[in-house]
Every structure is written in structure tokens, then in C-alpha cells.
Amino acid sequence: MAVVATVLLSLLAVVVSTCWGATPAERAQALLDQMTLDQMLSMVHGISGSYAGTVNAIPELGIPVLHLEDGPQGVADGVTKVTCWPSALTVVASWDPDMYYQFAQGMAEEQWIKGTNVMLGPMNNLARVPVDGRNFESTGEDPFLGSAYVTQCVKGVQSKGVIACAKHYADNNQEENRGTVNVHVDERTQYELYYPQFQAAIDAGVGSIMCSYNKVNDTWACENDRLLNKDLKGTMGFQGFVMSDWGATHSTVESALAGLDMEMAGDTYFGAALTSAVESGLVPESCIEDKALRILTSMFAVGIFDTVQTGNLSVDATSEEHNLLARTLSENSIVLLKNDNQMLPLDADSITSIGVFGRAGRDVPIIAGSGSGEVKHEYVVTPYAGIKSRLPRGEVQYSDGTVIDNAIDLAKQVQVAVVVVGTSSGEGSDRRNLNLDYGEVDLVNAILAVQPNTIVVVHSPGSVLLPFATSVPAILECFMPGQEDGNALASVLFGDVNPSGKLPLTFPVSEDQTYLKTVEQYPGLYEEEQYSETIFVGYRWFDKASEVPQFPFGHGLSYTTFGYSSLSANNTAVSFTVTNTGSVTGAEVAQVYVGFPPSSNEPPKVLRGFSKVTLAPGKSIDITLPLNPPKDLSIWSTIAHDFVQVTGQFAVYVGSSSRDIRLKGVFNN
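A quick note: this is a predicted structure, and the numbers were derived from the prediction, not measured.

Undergrad: Looking at this structure, I do not really get unusual backbone geometry. What am I missing?
TA: Excluding glycine, residues mostly have negative phi values, and the peptide bonds linking residues are mostly trans. Put simply, Lys167 and His168 share a cis peptide bond, and its omega is -5°. With respect to the helices and strands, His168 occurs in strand E4 (residues 163-169). In this structure, Asn217 takes a positive phi of about 50° despite not being glycine. Among the secondary structure elements, Asn217 is positioned in the loop between strand E7 (215-216) and strand E8 (219-220). Taking the relative accessible area as the measure of exposure, Asn217 reaches 36% and is therefore partly exposed.

Here you go:
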């Protein structure tokens, strides 16, 4: 009789948990009420499997298996028959929330087809360190722009029934010594610079967050009560579950009590050791209940209980639709850094010969970074192939540039030289410097000496040094463009697509033009690292120090021109007009920066709004971007431990980049 009663209660739990009128939290609680402690404990750690991470199913309660899989650039970890999308940083360079959302949906669709129900992304870490090996996965150097991307990424991923996992919380801003470094960072810097992207993910309903390898203020991130319980689950209001990075768990009791909900990828600390800790009273059962409830609630919230997952890793997830989307994303993210004398676009009707130079132009294309975010491409359209396809009646020749004399000979013979340069990076190590790959600067200079019609195309995981920038007439930055690299590039080169990307980070003139002046700041001295630059990172430091970068944050040209007029600003909105003053249709990213009163000790200006608009020649559009004073006109107070509005006179700057300011005004708050 007791057995029958237990079965009936379990069935009742399943019925209640599938009730469409209940909230995800209510459904999760109804199911949790019927779970044994052992069942709850089975959900808080990983098991071995074919995916990056796996959490066992509990079939007697109808709880499905969880399959966790990388990627911020697509289905990763060596999985085949998937799309190699542009990297996250590349898509961020589009400054287009609609592109962000489509990118996220495309990735999530393939994750679902492959049997995944937790995607390990977006990567929310700020590009504090210019040489960070994983900057290609990042959202750039500004928390406002990063938050805009993260918001759409989380919404897009979870709209497809896949839980998004925002990572790596917190301050995992380098690969060098990431597993041992102790980051020392102050409270205000956290909340103004490194937490906003995670707050944006929480506000968007993210189901999971991954804690990082490093220590923060002397305590491992995954057993850091201040980080997890107080800041993340307390102040920021996170209702989902926290998983560790793979192998980032260092303890059982400390981690469990500090707010870690799931150990990945195994059960070293949250398996038998956690069971023993609960049985001995070191960890209360209520703590385990909270962890299981958070996991179940996130599963219910995206519909994992409501739609049967039938995918597997062997299914072909690619499609022509996704190939086209990958190309569109790359096209919209290419940044025109320079275009003297309207060198671009090229006229396909008048050009009969083009030379493509550099190993990245054909033999060794640079389309993605390495590590857990690396995607195995099914095909790659190289720059050479894309240009050749776009110019079928012309002659397109190639030189890898390794023998300079041969490259020079070819450059003399063709009408236009396209020199493809770049460098790559990946998880586990940082770049040694910001240089291009060996010999590429010499190659550019040699070709430029004999061919004035030289275009340089850059592929990079972030900022790079371009010492030839003042000499070359045209430069395009493609970042990590994915499998459709060549097609997207050709579309922009020949004007089928008017470039509209903007830099999501600053390109310096030299290696030492940086706020990271000491080894204590990076990579850390004896594994102790000081974020002593505080909130002055990226363009914020360049502005404060009155340093002139090679190319500023937000920079990106078009084949047309835009005028700005009619500024009107108060503490709730900034309004202005943008006009296409050129001869072709194009898109402009209008950017709004705010300057705080000097007493606030903020940077000279900070990004507080942007809008991407497409205009035909001669057409205008009135733009109004809202300001939210409790958020946009506030600074973090270490006394109130909250954002506090700043009063006084604010400056407002509207323009085409952080340094190309077209309109200025003031308002009071």
C-alpha cells in the first residue's frame, strides 16, 4: 500500500509540474516536493558522457537529462556537421541588436538539433587585457555595449528551448594563470565595469551562470560567498543556478554554502563528498533543496519539460538558411577602418585583375579562435575564393607572400592588391603581443611600395597593431568572420554591402599605449593581480589620459556620409537627427555618450545609448534614445552599497565614434 501511495504522489507531482497555468517556479516546487535527497543530490554534479557536460535524468519523476555544450561561436568541442559562425566579438562589432538576436537563435537551433539543452554562452567577460586569448569570444571593452549584446543573446538562445549560461563570473579577464591568479578588485569597479553584463543576463532571464577559475579578493570564485550569495543571488537578484567552470570547484562544504549549485564536469566535490557533508550536518538539506529548485526552475522556464529532446550529436544541424545567416552576420560586422580617396568600393566592371596576398588569404584562413569555443567548420570560403567568385570575368591571382620578391612581382602586374593579414588566439594562453603574424607588416610595406591600389584586410581576435595604417589607403577589419569569410568580404569590397560595423574595442598605436602599466596589473606578480586602473579601461582610459589611439572605440566608416543635427537633451532622453549626406544607401550607428560632473570621478564620457539606422541618400531620421537616471546617471556607492544618482550638470556627446563627436550639449539631473 505504501508503495502504491508513493507512486501516486510521484504521478501527482508530474501532473502538477506539467500544469500550464503554473509558473516555472511553482512547477519546479511541486516536483521538488516529491524528490528524495538522493535525487536532488544527483542533479548538482556532472557525469561522464559525450557532451561537454551531462547531468543524469531522473526518469521516475519525468526529469530529462541535461546536456551541456560549448559554444559562443556555435556547437563546439569537435562536434561536426555544424555552422562555424562569426565569433561573438565579430557579431558585437555590428552594433545591431537584431543581428545579436538572430545570431543567438541560429546557434541555439543547432544546439537543440544536436541534443543540447544548456549552451555554455554568452561569454560576458570584458576585454580588459588587449592580448587576452579569449577576447574573440568577448563583448568588447564597454559594459553598455556588452550588456546590449548579452541581453539579446540570452533571449535568443532561450527562445529556442535551450538554457543560456553566462560566463565566466567573475573577473576572468585573461588566460595567463587563469587557474591560479588572485584578482584584487574594488567594489565600485565590479559593479560599474565587470558586473553589468551579468546583470543584463539576469534581467533577460538567463537560466545559468558559470563561475570562473580565478580567485577574487583572496577566495576562489566558485566558493566565494561575496561573489555568489551576496552579489549575484542577493544584490543582482539571480534566480537561476550557478555551475562551476570545468575543474574550477575546489571544495565541498565551502562551495556548497557559498552558492555553487552544480559542479562540472564531474563529482569530485559534489558527489559522495557532498552526500557525506549533508549527512553529517555540515551542509543543511535546505541548501541542496535550493540548488535543485534553481536547476528545475530554469529547466521549466525554457520548456525543457514540455518539449521532448530527440536530437543527438550525429545529426546534421547545418542548413542553407544558416549559411546565409552566417554570411549576413559577417557582412554586417566588417569594419571599414580607412578609405582614403574612396578607394573602396571596387568597380567590378572596370577591374580586370586582382592579386590576393598573404597566407590568411587562402592557405591558412583565420576564421575562428581555438579552445572550447572552436567550431569544426564544414567548409570555408577563403578571401581568395570569395573575390574570385565575385569577379568571374577578371583574373584573380594568389601569392602567400612568404617569398617577398614573388609577391612584389605579382603586385606590379595587377590593378589592385588585397593583402590579407592577421593573427589568432585561443583558450589557455594569451597572445604574447598585439603584433600581426611574423613577416606580414613587411609584406604590406613591400607591396605598397610598388602598388598604390593596396587594400589591407585584417583578421584578428581583438585589437592589433597596424603600423602601416597611415600609409595604406584602405583597411578593413573582419575579426573572426566564420565560414563565410570570403563571400562576406567580397560583398563589402565590391559594394554589394555597404560596411556598417564599428569597433567594439580600441586599437592602440603601440604596445605601451595602455592602462596596464605594471606587472602587478597584468599578468600579476606572484599570481597576485591588482585592478588598480579601476574603471579606466579601454576608451575610458584613452580619454582620461588624452591619448590618441590608432582607431578609437566605436569607429567605423561607410561608403556614404552622415550628418548630425538638432540635438535636444534632458535627463530622460537624448534626441537628434541623422541625415545621409552621401550618394548611396548606408547604415550608421549613432552613439550617445554622457559626461558626469567632475566630482563623480567618472571617465570623461561613457556610452549610454546607440542606434543603428539605414538611410537612403538625402533621407533623414529623428532618433530619441532614452536615459534611465537611476541606472544611466548613477555611480556605485561603497557606502550605500548601491547605485546612487549623481546630481548636477551632465555633458552629452553624440557622434559616429567615441572620438568623432558631432553634437554636444548639457542637461541637469
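There is more to say, and it comes next.
Undergrad: How should the packing of helix H14 (residues 383-390) against helix H17 (residues 485-493) be read in this particular structure?
TA: Packed helix pairs are specified by the crossing angle of their axes together with the interaxial distance, meaning the distance between the axes. Two elements in contact, H14 and H17, have axes whose closest approach is 7 Å; the angle formed by their N-to-C orientations is 50°. Here H14 is positioned oblique relative to H17, judged by the angle of their axes. Classified by chirality, the crossing of H17 by H14 is right-handed. Listed contacts from H17 to Pro383, Gly386, Ile387 and Arg390 of H14 are Asp485, Gly486, Asn487, Leu489, Ala490 and Leu493. Partitioning the contact of H14 with H17 into residue classes produces 5 nonpolar, 3 polar and 2 charged.

Undergrad: Explain the pattern of salt bridges to me, please; I cannot follow it from the model alone.
TA: A side chain of one charge can pair with a side chain of the opposite charge when the charged atoms of the two come close. This model, assessed by the stated rule, comprises 27 salt bridges. Salt bridges sharing common partners tie together Arg134, Glu137, Glu175, Arg178 and Glu427.

Undergrad: What exactly am I supposed to notice about the sheet that holds strand E16 (residues 528-530) here?
TA: Strands pair in a sheet through their backbones, by hydrogen bonds, and they do so in one of two ways: parallel or antiparallel. If you trace the 4 strands from one edge of the open sheet to the other, you get E8-E7-E5-E16, paired in mixed fashion. Each having just a single partner strand, E8 and E16 make up the two edges of the open sheet. Bridging between strand E5 (residues 182-184) and E7 involves 2 bridges; their strand directions are parallel. Paired with Val183 across the strands is Val216, a residue of E7.

Calculation rules
- Residue numbering note: each chain is counted from 1, following its sequence as written.
- For a predicted model such as this one, the threshold for reporting local features is a pLDDT of at least 70, and the threshold for listing and counting side-chain atom pairs is 80 or more; totals across whole chains, interfaces and linings nevertheless cover every residue.
- Only heavy atoms go into the side-chain values, all of them from the structure, while hydrogens and water stay out.
- Starting at the N terminus, helices and strands are each numbered in turn, a helix being any DSSP run of H or I of at least four residues and a strand any DSSP run of E of at least two.
- For the exposure calls, accessible area comes from a 1.4 Å probe over protein chains only, and a residue counts as buried if that area is under 20% of its type's maximum, exposed if over 50%, partly exposed in between.
- Under this scheme, a helix contributes an axis fitted over its contacting stretch, all axes are lines through C-alpha atoms, and angles between N-to-C directions fall in the 0 to 180 degree range.
- Oblique is the label for any angle not covered by the other classes, which are roughly parallel (under 35 degrees), roughly antiparallel (over 145) and roughly perpendicular (65 to 115).
- Put simply, a crossing is left-handed when the front helix is turned counterclockwise from the back one by less than a right angle, and right-handed when it is turned clockwise.
- Residue contacts follow a heavy-atom distance rule, with two residues in contact if any of their heavy atoms lie within 4.5 Å.
- Residues are grouped as follows: Ala, Val, Leu, Ile, Met, Phe, Trp, Tyr, Cys and Pro are nonpolar; Asp, Glu, Lys and Arg are charged; every other residue, Gly included, is polar.
- By definition, a salt bridge exists where a carboxyl oxygen of Asp or Glu is found within 4 Å of a side-chain nitrogen of Lys or Arg.
- DSSP calls a pair of strands paired once it identifies at least 2 bridges connecting them.

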